[in-house]
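# Descriptive structure summary
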Amino acid sequence: MSCSRTIVGRLALTALLGLGSAFLPLSKPYAGTIRFGATLADEIYLAPIFAAEKLGLFEKAGIVVTRSLTRSIPVGLEALAAGQVDIIDAPGPAAAIAKSGGDGATDADGIGGPGLPGKIVATNAAGFFGWTVIVNAASGFQSLADLRGKKIGIGAAGSLAEMAAELAMERGKVDFDLQAVGAGALIPMLRQKSIDAVIGAAMLTHREVERKRARIAYDLGLGSQSYTVSTLIASNTLMQERPAELRAFLAALAQALERMQIDRKYSIELLKEYTNIADARIVERMFDNIIRRMTPGYGTDPAALKAAERLAARAWKVKGLEKVDPQSLFTNSFLPIAK
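In this report, we go over the structure that sits alongside the text.

### Some points on the pattern of salt bridges
- For the structure shown, the criterion picks out 16 salt bridges.
- Among the ionic pairs, D86 bridges to R35, the shortest N-O distance being 2.9 Å. Of this pair, D86 sits in the loop between α3 (73–81) and β4 (87–90) while R35 sits in strand β2 (residues 32–38); the two residues are 51 residues apart in sequence, bridging distant segments of the chain.
- A relative accessible area of 2% means that D86 is categorised as buried.
- With its nearest N and O atoms 2.8 Å apart, the salt bridge here joins E245 to R242.

Dropping the structure here:
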């Protein structure tokens, strides 16, 4: 069974999960439901949800978590607005798109079009951790400069991958012939040399590199600038009507991530199960390059969100997106320890 199919199946399950917590003392368990819609903008950032389940952190609070696949950021935002899910994962700038109505223009309240059906309540990653530009191992390409004008594949336009491509071009001072070919076609096309390089997340690229069929030409996780790459957006209804359930959910994630970051051995074994990857070298790379660099406490930084907006405005060609006030897009008030 393929790695992506295994995770798709796991995320489609409905499970009773729970929380007991050093972060959130509870006098007694209470019943609550969180409906999580996974867009899978980068599924490795969702590993702490799996860890919280395995550790029994949700179960101790009596929280029922149902998980479903929304498969794309726009569909996830629509599901959030329609009340079909309570929380989705998405890049930070997706919240700015929703708030501005899709064109960056805002009214006096900073809201245009349909508006944002919620707020960012947690940041998973403030950088493109695990994202790389990979090339065929037999090619002569060694750097971003070598890829000037070459055919570079990404999964989809208007995605986190397109933001990563924009960043790669900016850092390398090059232009790519960018081609959105679909996630499933990227690696086969690279092997066939139909494209010259692939820009993708760890779940896509690391396996190919470790198997010596590809090389990393550039690691997008490098650099000092922070970008709000992966967030959790909660619905207004959840925040307003069931804040205790949201706090319990986020406290469980914070505790699970803390365990993963301080216990490398535990994380590697958990990642093997979560990703269905047996090769220890791949999951070790994922831990070192991604898990240990995820945002402790899940706090959102407005400067990093603003930087992501500017990047997305160029990548997605959305005029005025960078003008949306980042402070209007997030709240840290539901986190166990706001950072």
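### Things to note about the side chain of T123
- Mapped onto the secondary structure, T123 falls in strand β5 (residues 118–125).
- For T123, a relative accessible area of 2% gives the class buried.
- Reaching out from T123, the side chain makes a polar contact with the side chain of T300 at a distance of 2.7 Å.
- If sequence neighbours within four positions are ignored, T123 has contacts with T228, S230, T231, T295, Y298, G299 and T300.

### Let's talk about the sheet that holds strand β8 (residues 177–180)
- The 5 strands are arranged β8-β7-β9-β6-β10 in an open sheet whose pairing can be described as mixed. Looking at the sheet topology across the chains shown, the edges are occupied by β8 and β10 (214–219). The sheet shows a mean angle of 30° between the axes of neighbouring strands, taken without regard to direction.
- One ladder, built from 5 bridges, connects strand β6 (residues 132–136) with β10; its direction is antiparallel. Bridge pairing in β10 links N136 to A214.

### Side note on helix α11 (residues 280–289)
- Of the positions making up α11, those classed as buried are I282, V283, M286 and F287. Axial view of α11: buried residues confined to an arc of 135°, hence all on one face.
- If you follow the buried residues of α11, they end up packed against α7 (202–210), α9 (243–262) and α10 (264–275).
- Capping the start of α11 is the job of one residue whose side-chain oxygen sits 2.9 Å from the backbone nitrogen of R281: D279.

### Focus on the pairing of strand β3 (residues 63–69)
- Pairing of β2 with β3, which is carried by 7 bridges, proceeds in the parallel orientation. The residue of β3 that forms the bridge with R35 is T66.
- A crossover links β2 with its parallel partner β3, the connecting element being helix α2 (residues 47–55), and its sense is right-handed.

### With respect to the nonpolar core
- Formed by 108 residues in total, the largest nonpolar core has its most connected members in F128, W131, V133, I199, L220, L232 and F249.
- If you tally residues by element for this core, the top one is α9, at 10 residues.
- When near neighbours in sequence (up to four residues on either side) are disregarded, L220 contacts F128, W131, T132, V133, A164, L167, A168, R171 and I199.
- Counting 9 residues, the second-largest nonpolar core is a separate cluster that includes L186, L190, I195 and A214.

### Describing α7
- Within α7, 8 of the 9 residues are buried, which leaves the element mostly enclosed by the surrounding structure.
- Buried within α7 are the following residues: A202, M203, T205, H206, R207, E208, V209 and E210.
- In the segment just after α7, K212 is the residue with positive phi, at about 70°.

### Considerations on the side chain of T300
- Note that T300 resides in the loop between α11 and α12 (302–315).
- Accessibility expressed as a relative area gives 2% for T300, which makes it buried.

### As for the packing of aromatic side chains
- A complete count under the given rule lists 5 aromatic pairs for this structure.
- Consider the rings of F58 and F249, whose centres lie 5.5 Å apart with planes at 5°: the pair is stacked. Of this pair, F58 sits in the loop between α2 and β3 while F249 sits in helix α9, and the two are 191 residues apart along the sequence.
- When its relative accessible area of 0% is taken as the criterion, F58 is described as buried.
- Since its relative accessible area comes to 0%, F249 is described here as buried.
- With a centroid separation of 6.3 Å and 90° between ring planes, the pair formed by F128 and W131 is classed as edge-to-face.

### Some thoughts on unusual backbone geometry
- For N276, which is not glycine, the phi dihedral falls at a positive 60°.
- When you line up the elements, N276 lands in the loop between α10 and α11.
- A positive phi is found at Y298, a non-glycine position, where the angle reads about 70°.
- Looking at the element boundaries, Y298 is found in the loop between α11 and α12.

### Concerning the packing of α10 against α11
- In contact at an axis separation of 9 Å, α10 and α11 are set at 115° when each is read in the N-to-C sense. Crossing hand, α10 versus α11: right-handed. Of α11, the residues touching α10 (which contributes R264, S267, I268, L271, K272 and T275) are A280, V283, E284, M286, F287 and D288.
- Of the residues belonging to the contact of α10 with α11, the class tally is 6 nonpolar, 2 polar and 4 charged.

About the criteria used
Residues numbered from 1 in each chain as written. Predicted model: local features only at pLDDT ≥ 70, side-chain atom pairs only at ≥ 80, totals over all residues. Heavy atoms only, no water. Salt bridge = Lys/Arg side-chain N within 4 Å of Asp/Glu carboxyl O. Helix = DSSP H or I, 4+ residues; strand = E, 2+ residues; numbered from the N terminus. Buried < 20%, exposed > 50% of the residue type's maximum accessible area, 1.4 Å probe, protein only. Polar contact = N/O pair within 3.5 Å; in protein donor to acceptor, adjacent residues only side chain to side chain. Contact = heavy atoms within 4.5 Å. Pairing = 2+ DSSP bridges. Axes fitted to C-alpha atoms, helices over the stretch in contact; angles between N-to-C directions. Arc of directions from axis to C-beta. Right-handed = clockwise from strand over helix to strand, strands pointing away. Core = buried A, V, L, I, M, F, W, Y, C linked by side-chain atoms within 4.5 Å. Phe/Tyr/Trp six-rings, centres within 6.5 Å; stacked < 30°, edge-to-face > 60°. Left-handed = near helix turned anticlockwise from the far one by under 90°. Nonpolar A, V, L, I, M, F, W, Y, C, P; charged D, E, K, R; others polar.

Without other data, these values stay purely geometric and don't point to any function.
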